[in-house]
Amino acid sequence: MSIQQQQTASPADRTRTADNDWRRQVTVLAVGSFAMGTDSFVLAGILPQISSGLGQSISAIGQAITVFSLTYGLTAPFLAAFTSRLPRKPLMAFALALFVVANLASAAAPTLALLLVARVAAGLGAALYTPNASAAAAALAGPAHRGQALAAVLGGLTVGTVLGVPVGTWIGQHLSWQASLIFVACVGAVALAGLLTVLPSLPLPPAVPLRARFAVLANARVVAIVAFMLLESAAAILVYTYIAHVLDDTVHARGTTLALLLLAWGLGGAVGAFGSGRLTDRWGADRTLSLAIGVLAVTLAALAVSTSLPLAFVVMALNGAAGWAVATPNNHRLTEFVPHLPSVVISFNSSGIYLGQAIGAGLGGVLLGAISTAQLCYVGAGIAVLAAALHLLIAAGPRARPR
């Protein structure tokens with residue numbers, strides 16, 4: 001709408017135009033999140049192809065997932081503090097550009113060492129982009145639509161899992177593993193072009209000093225809640241990283257069948273991610289988490305004995321739902337406990353997720369050379385039981401908030 005049109009437009013037309021503007025802008029941010037969500041999990045579906053292509057064991061190639069997650073988990077809080085004075089739009093553009101180049105470099109990597117370096121760079125891009133995209137979405141939408149905007153950006157991560165991972169896996173199974181990573185890079189490039197074209201300049205958010213960010217970790221309850229997230233994430237990703245190997249052993253799933261099983265996992269994840277918010281509002285965070293972590297432990301163990309294809313589809317869907325249902329209620333109880341620094345405690349919860357993924361993928365790679373895939377599933381279930389025990393201790397603890 002031109003300036004002259006804005007001057008002559010009715011208030012309803014101006015409101016409608018503003019509403020369309022922020023929705024279009026947030027959609028661009030969600031496309032970037034879609035790329036990040038796909039990149040986080042797509043390697044799990046193509047580990048055998050990468051292993052064959054680079055001449056390394058599956059457990060060694062699995063460390064590419066470890067370094068991506070470890071980089072995100074360790075650097076995100078520091079990057080948020082060190083870049084707090086930089087303009088948001090150029091910062092997110094740089095993050096997406098780094099992410100795109102890193103994925104192209106991953107596809108071109110001739111050795112495992114170079115692949116790991118490229119995955120570190122991709123993790124840095126994701127750690128820079130995702131928190132800033134959420135903050136930018138909230139600022140663009142304004143208080144009246146903040147919840148919708150945040151859900152859209154976080155939903156991009158979920159849709160990346162639901163659609164991006166199966167598509168990337170199918171590409172890797174039928175073309176090449178390099179083509180899967182090029183696909184991720186192309187999605188990131190689309191998001192970068194949209195960001196440069198559609199997104200306006202954004203105001204700087206209030207700066208929170210690094211010391212204030214880490215001061216919340218002096219409270220034992222906050223540490224316990226983040227540790228629960230770390231254990232849950234480690235349990236889930238320990239098995240999921242090597243899920244192609246697990247499903248090949250149990251139901252001989254390859255190619256399109258494997259992609260469809262991952263789609264079932266992703267669809268379950270979407271139900272868990274979006275449904276957990278409603279369950280948290282209705283039941284409370286503690287009861288929702290009890291259900292989710294319980295189902296996760298059971299389904300991780302069940303993967304070891306799911307030798308029929310229909311059963312494997314059901315177990316994968318339930319496993320995805322349980323795994324993705326944890327972050328929202330865990331964020332809820334963190335922000336209830338530390339209401340004066342919600343973005344900070346949520347960032348630590350995100351770090352717990354990615355550090356857990358790094359630990360799970362790394363531990364799984366070490367164990368896979370010594371134990372069977374069925375035993376690997378039981379180890380994941382055991383870690384989930386530990387997470388459940390910690391959750392029960394947290395739920396039974398005091399409710400007083402820090403001053």
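All figures in this text were calculated on a predicted structure; none of them were measured in a lab.

Once that is clear, we can look at the overall build of the protein chain. Within the protein chain, the regular secondary structure consists of 17 helices and 0 strands. For the protein chain, the residues scored as buried account for 53% of the 403 residues in total. Nonlocal contacts in the protein chain, meaning residues at least 24 apart in sequence, comprise 84% of its contacts between residues at least 6 apart. Surface summary for the protein chain: the accessible area is close to 16600 Å², and the carbon and sulfur share equals 69%.

Here the focus is the nonpolar core. Among soluble globular proteins, nonpolar side chains are generally buried collectively. Formed by 114 residues in total, the largest nonpolar core has its most connected members in L29, M92, Y129, L195, Y240 and I243. Examining the composition of this core, we find that 15 residues originate from one element, helix α2 (residues 11–54), more than from any other. When near neighbours in sequence (up to four residues on either side) are disregarded, L195 contacts V28, L29, K89, M92, A93, L96 and Y129.

We now examine helix α8 (residues 177–198). An α-helical turn contains 3.6 residues, so any two residues separated by three or four positions project in the same direction. Over its 22 residues, α8 extends 32 Å from the first C-alpha to the last, a length consistent with the 32 Å expected when each residue adds 1.5 Å. Among the residues of α8, those classed as buried are W177, A179, S180, L181, V184, A185, V187, G188, A191, L192, G194 and L195.

As a further point, take unusual backbone geometry. Within the chain, H252 stands out as a residue other than glycine whose phi angle is a positive 55°. With respect to the helices, strands and loops of the structure, H252 is situated in the loop between α11 (243–251) and α12 (255–283). Its relative accessible area of 63% is what places H252 among the exposed residues.

Turning our attention to a nonpolar patch on the surface. Together, F78, F82, F214, L217 and V223 give the surface a local cluster of nonpolar side chains, amounting to about 430 Å² of exposed area. Mapping L217 onto the fold places it in the loop between α9 (210–215) and α10 (220–240). Looking at L217, the relative accessible area reads 31%, which means it is partly exposed.

Glancing now at the packing of aromatic side chains. For the structure on display, the rule yields 2 aromatic pairs. Note on Y72 and Y354: the rings are 3.7 Å apart at their centroids and 20° apart in plane angle, and the pair reads as stacked. Of the two residues, Y72 is situated in helix α4 (residues 63–82) and Y354 in helix α16 (residues 342–368); the sequence distance between them amounts to 282 residues. Classification of Y72 as buried rests on a relative accessible area of 3%. With centroids separated by 4.1 Å and ring planes inclined at 25°, the aromatic side chains of Y240 and W265 adopt a geometry described as stacked. Of this pair, Y240 sits in helix α10 while W265 is found in helix α12, placing the two residues 25 residues apart along the sequence. Its relative accessible area of 4% is what places Y240 among the buried residues.

A few words now on the pattern of salt bridges. One pass over the structure, following the stated rule, counts 3 salt bridges. R119 is paired through a salt bridge with D39; the nearest N and O atoms lie 2.8 Å apart. A residue pair is termed long-range when its members are at least 10 positions apart, and R119 in helix α6 (residues 112–141) and D39 in helix α2 qualify at 80 residues. On the basis of relative accessibility, which here comes to 2%, the residue D39 falls in the buried class. Residue D248 pairs with R254 through a salt bridge whose shortest N-O separation is 3.1 Å.

Contact geometry of α12 with helix α15 (residues 327–337) gives a least axis separation of 8 Å together with a crossing angle of 40°. When the axes of α12 and α15 are compared, the pair comes out oblique. Residues A273, S276, G277 and T280 of α12 touch α15, and the partners they reach there are T328, P329 and H332. In terms of residue class, the contact of α12 with α15 is built from 2 nonpolar, 5 polar and no charged.

Here we come to the environment of P110. Positionally, P110 belongs in the loop between α5 (88–108) and α6. For P110 and G53, which are 57 residues apart along the polypeptide, the C-alpha to C-alpha distance reads 8.7 Å.

As a further point, take the packing of α12 against helix α14 (residues 309–324). Packing of α12 against α14 leaves a shortest axis separation of 6 Å and a crossing angle of 35°. Relative to α14, α12 is oriented so that their crossing is right-handed. Contacts between α12 and α14 involve T257, L260, L261, L262, A264, W265, G268, G269, G272, A273 and S276 on the former and, on the latter, L309, A312, F313, M316, A317, N319, G320, A321 and W324. Grouping the constituent residues of the contact of α12 with α14 by class yields 13 nonpolar, 7 polar and no charged.

Turning next to empty space enclosed by the protein. The final tally for this structure, using the stated rule, is 1 cavity of 30 Å³ or more. Each pocket or cavity is described by its volume, and for the largest cavity that value is around 30 Å³. Forming the walls of the largest cavity are A236, Y240, W265, L296, N319 and G323. Of all the secondary-structure elements, those providing two or more residues to the lining of the largest cavity are α10 and α14.

Let us look at the environment of A259. You can see A259 is positioned in helix α12. For the pair formed by A259 and G172, sequence separation is 87 residues and the distance between their alpha carbons is 9.9 Å. When neighbours within four sequence positions are excluded, A259 is seen to be in contact with P166, T169 and W170.

Thresholds, definitions, all that
- Residues numbered from 1 in each chain as written.
- Predicted model: local features only at pLDDT ≥ 70, side-chain atom pairs only at ≥ 80, totals over all residues.
- Heavy atoms only, no water.
- Helix = DSSP H or I, 4+ residues; strand = E, 2+ residues; numbered from the N terminus.
- Buried < 20%, exposed > 50% of the residue type's maximum accessible area, 1.4 Å probe, protein only.
- Contact = heavy atoms within 4.5 Å.
- Areas by Shrake-Rupley, 256 points an atom, 1.4 Å probe, with all protein chains shown as cover.
- Core = buried A, V, L, I, M, F, W, Y, C linked by side-chain atoms within 4.5 Å.
- Expected span 1.5 Å × (residues − 1).
- Patch = residues over 30% accessible without salt bridge, like charges linked within 9 Å, V, L, I, M, F, W, Y side chains within 5 Å.
- Salt bridge = Lys/Arg side-chain N within 4 Å of Asp/Glu carboxyl O.
- Phe/Tyr/Trp six-rings, centres within 6.5 Å; stacked < 30°, edge-to-face > 60°.
- Axes fitted to C-alpha atoms, helices over the stretch in contact; angles between N-to-C directions.
- Parallel < 35°, antiparallel > 145°, perpendicular 65-115°, else oblique.
- Nonpolar A, V, L, I, M, F, W, Y, C, P; charged D, E, K, R; others polar.
- Left-handed = near helix turned anticlockwise from the far one by under 90°.
- 1 Å grid on protein atoms, 1.4 Å probe; cavity = no way out; pocket = protein on both sides within 12 Å on 5 of 7 lines; lining within 4 Å.
- Points joined across faces, edges and corners; volume = space filled by probe spheres on them.

Bear in mind that shape data such as this cannot, by itself, settle questions of function.
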